[in-house]
Amino acid sequence: MCRWAAYIGAPVYLDEVVSKPEHSLVAQSIHARECKTQTNADGFGIAWYDSQPEPGLYRDTHPAWSDPNLRSITHQVRSGLFLAHVRASTGTATSRNNCHPFTTGCWSFMHNGQVGGFENFRRRADMLIPDDLYHERKGATDSEALFLLAIAEGLYEDPKGAMERAVGKLETLSREFGHTPHMRIGAAFSCGQSLYVVRYASDELAPTVYSTRNPDGGRLVVSEPLHKGECWEAVPAGSFCRFTASEAVIEDFVPRT
């Protein structure tokens, strides 16, 4: 399992989320409190938006706590929308191509969870990705396959419906060829305007996701709180969320094929 944090609002330095809070993402890479795997040392990544339509991206295989470039970049770069992730592999290799976030065009995507038994049907899952998109398949993770499948299902035009269809197809494959838990997903993704978040599971153990407003009005969405306090609200299981700097819309998330 992994840990992640996403922000949308007035531009802030990335280290305000990644390394400065008492239970920052870097701290969670060493010792997560609400995660089956306490140490998340199989790589990290950040994707951020600025003046270009495509996000900037920095990923590496080092543990987040040991990478001086990460601390330097997050201390210098400001953004009004960014995604950050620390990885604990569920079986695939520790490589840069398997580190989150994944990006294609304007989209960035990161995930905490699993598709049960994915290694048993990875080829079948990959065959669902169209030929004209398959060149974006750089790694071997279920997360990247889910992301590309969602794009193929119409993520640009219908983010919620596309993700429901993508999750539904992979969950169906897991039920036929994989094992339980068939689907657990706590994911965040964006195309540079809104921040989308999904929390869902085929059982009763959906990965944790929390949200809060910053004092400056920005929105933080995280897999576990960055600091103590009662300001954090759990995103309900079975939810699809769309956040902007000023608005939060939460709808039911129902996978379908």
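It should be emphasised that the depicted structure is a prediction, and the values quoted were computed from it without experimental measurement.

Asks: Would you explain the overall build of the chain in this entry?
Replies: Within the chain one finds seven helices and 13 strands. Over its C-alpha atoms the chain spans a radius of gyration of 17 Å, differing by no more than 12% from the 18 Å that the globule rule assigns to 257 residues. Along the first, second and third principal axes, the C-alpha set of the chain runs to 45 × 35 × 35 Å. The buried share of the chain, reckoned over its 257 residues, is 57%. Within the chain, counting contacts between residues at least 6 apart in sequence, those at least 24 apart form 66% of the total.

Asks: So what exactly am I meant to see when it comes to the pattern of salt bridges here?
Replies: A side chain with one charge can pair with a side chain of the opposite charge if their charged atoms come near. By the definition in use, this model includes 13 salt bridges. A salt bridge links Glu-16 to Lys-20; the nearest nitrogen and oxygen atoms lie 3.4 Å apart. Asp-203 is the salt-bridge partner of Arg-184, the closest N and O atoms lying 2.6 Å from each other. Of this pair, Arg-184 sits in strand β7 (residues 183-190) while Asp-203 sits in the loop between β8 (195-201) and β9 (210-213); the two residues are 19 residues apart in sequence, bridging distant segments of the chain. One continuous salt-bridge network, built from bridges that share partners, spans Glu-153, Asp-158, Arg-165 and Lys-169.

Asks: I'm lost on the packing of helix α6 (residues 142-152) against helix α7 (residues 159-177) in this one. Help?
Replies: Two numbers describe a pair of packed helices, the interaxial angle and the distance between the axes. The contact between α6 and α7 brings their axes to 8 Å, and the two run at 130°. Relative to α7, the element α6 is oriented oblique. Taken as a pair, α6 and α7 cross one another with a handedness that is right-handed. Here α6 contributes Asp-142, Leu-146, Leu-149 and Ala-150 to the contact with α7, which in turn contributes Ala-162, Met-163, Ala-166, Val-167, Lys-169 and Leu-170. Tallied by class, the residues present in the contact of α6 with α7 amount to eight nonpolar, no polar and two charged.

Asks: I keep staring at the packing of aromatic side chains and nothing clicks. Help me out?
Replies: A ring pair, where both rings are aromatic, is described by two values, the distance of the centres and the angle of the planes. In total, this model carries 13 aromatic pairs according to the counting rule given. Summarising the aromatic geometry, the rings of Trp-107 and Tyr-156 are spaced 5.8 Å apart at their centres and angled 80° between planes, so their arrangement reads as edge-to-face. Here Trp-107, found in strand β6 (residues 107-115), pairs with Tyr-156, found in the loop between α6 and α7; they are 49 residues apart in sequence, far enough to count as distant. On the basis of an interplanar angle of 10° and a centroid distance of 6.5 Å, the ring pair of Phe-240 and Phe-253 is categorised as stacked. Separated by 13 residues along the polypeptide, Phe-240 in strand β12 (residues 239-243) and Phe-253 in the segment after β13 (248-252) bring together distant segments of the chain. Each of the two residues, Phe-240 as well as Phe-253, counts as buried. Grouping aromatic residues by their ring pairs yields a cluster made of Trp-107, Phe-109, Phe-147, Tyr-156, Phe-189, Tyr-196, Tyr-200, Phe-240 and Phe-253.

Asks: Could you clarify how one ought to interpret the state of the cysteines in this entry?
Replies: Think of a disulfide as a covalent bridge from one cysteine sulfur atom to another cysteine sulfur atom. Inspection of every chain in the model, using the stated rule, returns one disulfide. Between the sulfur of Cys-106 and that of Cys-191 lies a disulfide, 1.5 Å long from S to S. Given an S-S torsion of about -55°, the disulfide between Cys-106 and Cys-191 has left-handed geometry. Of this pair, Cys-106 sits in the loop between β5 (102-104) and β6 while Cys-191 sits in the loop between β7 and β8; the two residues are 85 residues apart in sequence, bridging distant segments of the chain. A relative accessible area of 22% places Cys-191 in the partly exposed class. Cysteine Cys-2 is unpaired, with the sulfur of Cys-35 as its nearest cysteine sulfur at 7.3 Å. Looking at Cys-2, the relative accessible area reads 7%, which means it is buried. Cys-241 takes part in no disulfide bond, and the closest cysteine sulfur to it belongs to Cys-231, at a distance of 17 Å.

Asks: Would you mind showing me how to read helix α4 (residues 118-126) here?
Replies: Every α-helix winds through 3.6 residues per turn, so residues three or four apart in the chain are directed the same way. For α4, the full list of buried residues reads Phe-118, Phe-121, Ala-125 and Asp-126. Here the buried residues of α4 occupy an arc of 155° about the axis, which is enough to place them on one side. At its buried positions, α4 is contacted by β6, α5 (131-134), α6 and α7.

Asks: Would you explain the side chain of Ser-194 in this entry?
Replies: Mapped onto the secondary structure, Ser-194 falls in the loop between β7 and β8. You can call Ser-194 buried: its relative accessible area is 10%. Not counting chain neighbours up to four residues away, the residues in contact with Ser-194 comprise Ile-8, Leu-81, Phe-189, Arg-242, Phe-243 and Thr-244.

Asks: Before we go on, may I ask you to explain unusual backbone geometry in this structure?
Replies: Leave glycine aside and you will find that most residues have negative phi; peptide bonds, for their part, are mostly trans. Between His-100 and Pro-101 the backbone carries a cis peptide bond, its omega angle lying at -5°. Here Pro-101 is to be found in the loop between β4 (78-86) and β5. A cis amide bond links Thr-180 with the next residue in sequence, Pro-181, at an omega value of -10°. Secondary-structure assignment places Pro-181 in the loop between α7 and β7.

What counts and how
- Residues numbered from 1 in each chain as written.
- Predicted model: local features only at pLDDT ≥ 70, side-chain atom pairs only at ≥ 80, totals over all residues.
- Heavy atoms only, no water.
- Helix = DSSP H or I, 4+ residues; strand = E, 2+ residues; numbered from the N terminus.
- Rg over C-alpha atoms; globule rule 2.2 N^0.38 Å.
- Buried < 20%, exposed > 50% of the residue type's maximum accessible area, 1.4 Å probe, protein only.
- Contact = heavy atoms within 4.5 Å.
- Salt bridge = Lys/Arg side-chain N within 4 Å of Asp/Glu carboxyl O.
- Axes fitted to C-alpha atoms, helices over the stretch in contact; angles between N-to-C directions.
- Parallel < 35°, antiparallel > 145°, perpendicular 65-115°, else oblique.
- Left-handed = near helix turned anticlockwise from the far one by under 90°.
- Nonpolar A, V, L, I, M, F, W, Y, C, P; charged D, E, K, R; others polar.
- Phe/Tyr/Trp six-rings, centres within 6.5 Å; stacked < 30°, edge-to-face > 60°.
- Disulfide = S-S within 2.5 Å.
- Arc of directions from axis to C-beta.

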